[in-house]
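Remarks on the overall topology
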Amino acid sequence: MNVLVTGGAGYIGSHLIGVLASAGHNCTVYDNLATGHAEAIGDTKLVTGDISDTAALTAAMRENDIEAVIHLAAFIEAGESVEKPEKYFRNNTLGGLTLLEAMRASGVSKMVFSSTAAVYGRPGQIPIRETDRTEPINPYGSGKLCVEFMLRAFAEAYGMGFVALRYFNVAGAHPDGLIGEAHIPETHLIPLVLEVPLGKRESVKIFGDDYDTPDGTCIRDYIHVMDLSAAHVLAIEAVEAGGVKVFNLGNGEGFSVRQVIETCRAVTGHPIRAEVVDRRPGDPPSLVASSQNARDELGWRCEYPDLNTIVAHAWGWHKTHPNGYC
């Protein structure tokens, strides 16, 4: 299948294209390189363009005989979305609509959409299931949920087919250490913690230790980026015309901020100083997935479910690429 991966030069996309290629799919990356890295995608074809550009998207699909789209292009920081909601709604939500219009104009009817656990807000139960209420508490989650509504409308009106994957916390790196996570600035917990043994920061911040959790710090479900990539391949092959399927993607096990820091200490052999600061706006106490539907319907399994392995693979990348792709 000829697949267009929007945002394909980013962290998840750069890992995904290799997995897609191994499964026999032909990939074209569409990315404006605002946060992505051309170096991360090797010799995969790159079309440089913005998600807001209908003409460029349409041309990319037509010129590359695209049969399906995996849509990753988005801003991803929940905290920033509270401070700059217009940035997130313009790019993530309106960009999603632009992409859908370009797909229709190009005759492309299949898409896998990168959604988020943030659509659940503060969940009423743990683990979270796809049928649980969706009440986002930040513009990032609201914008992603709005795109999910668009998918349902386009499926009903035009017979298009979609799979929405609600990610939990993606982490880790390719086991060979050649590609990995490189954000500027970095905001994700594991790479931030690993910057301490790299000598790039003196300590790591813990945003609140008074949550209703066993050790007072937030609990998150960490999924290895390679396992996440494998789920996309299964999802693109499971898209059905005229419908939308939704799947959670997580390990089903939660780890607190303090547990993550302790694991990083064990993997790196560094003491890693941590300091507690005030809570951040928009952080729910606990987010842990039930991914049973993905296992049952897609046949998906995690190859790297262990937090120690996730951190070890991340460390393998960061210690050999302390400045990312620079």
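All residue numbers refer to positions counted from 1 along the written sequence of the respective chain. For this predicted model, a pLDDT threshold of at least 70 governs which residues receive local features, and a threshold of 80 or more governs which side-chain atom pairs are given and counted, while totals over whole chains, interfaces and linings are taken from all residues. Note: side-chain values were computed over all heavy atoms of the structure, leaving out hydrogens and water.

To continue, consider the side chain of H15. Helix and strand assignments follow DSSP, with helices taken as H or I runs no shorter than four residues and strands as E runs no shorter than two, numbered in order from the N terminus. Structurally, the position occupied by H15 is in helix α1 (residues 11–22). In this scheme, a residue with accessible area under 20% of its type's maximum is buried, one over 50% is exposed, and one in between is partly exposed, where area comes from a 1.4 Å probe on protein chains only. Its relative accessible area of 2% is what places H15 among the buried residues. In protein, a polar contact requires one atom able to donate a hydrogen and another able to accept it; more generally it is a pair of N or O atoms within 3.5 Å, and residues adjacent in sequence count only if both atoms are side-chain atoms. A polar contact of 3.1 Å, which involves the side chain of H15, links it to the backbone nitrogen of H174. Contact between two residues is taken to exist if any of their heavy atoms lie within 4.5 Å; hydrogens are not considered. Ignoring sequence-local partners within four residues, the contact set of H15 consists of A173, H174, I179, G180, V225, M226 and S229.

Take the pattern of salt bridges next. Basic side-chain nitrogens of Lys or Arg form a salt bridge, by our definition, when they fall within 4 Å of a carboxyl oxygen of Asp or Glu. Enumeration according to the criterion identifies 10 salt bridges in this entry. D209 is the partner of R258 in a salt bridge, and the nearest nitrogen-oxygen pair spans 3.7 Å. With R258 in helix α8 (residues 257–268) and D209 in the loop between β8 (204–207) and β9 (219–224), the pair connects residues that are 49 residues apart, well separated along the chain. By relative accessible area, R258 is classed as partly exposed at 33%. Given the relative accessible area of 37%, D209 is considered partly exposed. Close ionic contact of R265 with E262 constitutes a salt bridge, the shortest N to O distance being 2.4 Å. With R265 and E262 both in helix α8 and 3 residues apart, the pair spans about one turn of that helix. Residues joined in a network through salt bridges with shared partners are E80, K84 and K87.

So, about the packing of aromatic side chains. Only rings of Phe, Tyr and Trp enter the pairing, Trp through its six-membered ring, and a pair is recorded when the two centres are within 6.5 Å. The plane angle decides the type: under 30 degrees is stacked, over 60 is edge-to-face, the rest tilted. A complete count under the given rule lists 4 aromatic pairs for this structure. Considering the side-chain rings of Y88 and Y140, the 6.4 Å spacing of their centres and the 85 degrees angle between planes classify their relative orientation as edge-to-face. Note that Y88 is positioned in helix α4 (residues 85–106) and Y140 in helix α5 (residues 139–158), a separation of 52 residues in sequence. Pair check on accessibility: Y88 and Y140 agree, each one buried. Taking 5.0 Å as the distance between ring centres and 45 degrees as the angle between the ring planes, the aromatic pair formed by W317 and Y325 counts as tilted. Among the aromatic side chains, those forming a connected cluster through ring pairs are F75, Y88 and Y140. In this arrangement the basic side chain of R104 is found over the ring face of Y158, its NZ or CZ atom lying 3.6 Å from the centre. Any Lys NZ or Arg CZ that is within 6 Å of a ring centre and within 35 degrees of that ring's normal is treated as a charge sitting over the ring. Here the guanidinium or amino end of R279 rests over the ring plane of Y211, the centre of that ring lying 3.9 Å away.

A few words on helix α7 (residues 225–236). In this analysis, the expected span of each helix is defined as 1.5 Å times one less than the number of residues it contains. Across its 12 residues, α7 extends 17 Å between first and last C-alpha, which sits within 8% of the 16 Å expected from 1.5 Å per residue. Of all 12 residues in α7, 10 are buried; the element is thus mostly enclosed. By the burial criterion, the buried members of α7 are V225, M226, D227, L228, S229, A231, H232, V233, A235 and I236.

Our focus in this paragraph is the sheet that holds strand β1 (residues 2–6). Here a strand pair is declared whenever DSSP counts at least two bridges between the two strands. What the 7 strands build is an open sheet, ordered β3-β2-β1-β4-β5-β6-β10; its pairing is parallel. Every other strand in the sheet has two partners, leaving β3 (45–48) and β10 (244–249) as the edge strands with one partner each. Between one strand axis and the next, the sheet turns through 20 degrees on average, direction left out of account. In this structure, strand β2 (residues 26–31) lies alongside β3, joined through 4 bridges in parallel fashion. What sits directly across from V29, in β3, is L46. Angles run from 0 to 180 degrees between N-to-C directions of axes, and those axes are lines fitted to C-alpha atoms, restricted for helices to the stretch in contact.

Let's shift gears to the side chain of E130. Along the chain, the position of E130 falls in the loop between β5 (110–116) and α5. Despite its burial, E130 pairs with no opposite charge, the nearest such side chain being R166 at 6.9 Å. Of the polar contacts made by the side chain of E130, one reaches the backbone nitrogen of N248; its length is 2.8 Å. Residue contacts for E130: discarding those within four places in its chain leaves Y120, R166, V246, F247, N248, S290 and N293. Neither His nor the chain ends is counted toward charge; the positive residues are Lys and Arg and the negative residues Asp and Glu.

Before going further, it helps to spend a moment on the packing of α1 against α7. For the pair α1 and α7, the least separation of the axes is 9 Å and the interaxial angle reads 55 degrees. Viewed along their axes, α1 and α7 adopt a mutual orientation that is oblique. Read as a crossing pair, α1 and α7 show a hand that is right-handed. Counted together, Y11, I12, H15, L16, V19 and L20 of α1 and V225, M226, L228, S229, A230, H232 and V233 of α7 form the full contact between these two elements. Three residue categories are used. Nonpolar comprises Ala, Val, Leu, Ile, Met, Phe, Trp, Tyr, Cys and Pro, charged comprises Asp, Glu, Lys and Arg, and polar comprises the others, including Gly. Of the residues assigned to the contact of α1 with α7, the class counts are 10 nonpolar, 3 polar and no charged. Oblique is the label for every angle not falling under 35 degrees (roughly parallel), over 145 degrees (roughly antiparallel), or within 65 to 115 degrees (roughly perpendicular). Each crossing gets its hand from how the near helix is turned against the far one by less than a right angle, where anticlockwise is left-handed and clockwise is right-handed.

Across the 6 residues that make up β2, a large majority, 5, are buried. Sheet topology note: the β1/β2 ladder contains 5 bridges and is parallel. Counterpart to V5 in the pairing with β2 is V29. For the handedness criterion, the strands are oriented away from the viewer, and a crossover whose path from the first strand over the helix to the second runs clockwise is classed as right-handed. Handedness of the β-α-β unit built from β1, α1 and β2 comes out right-handed.

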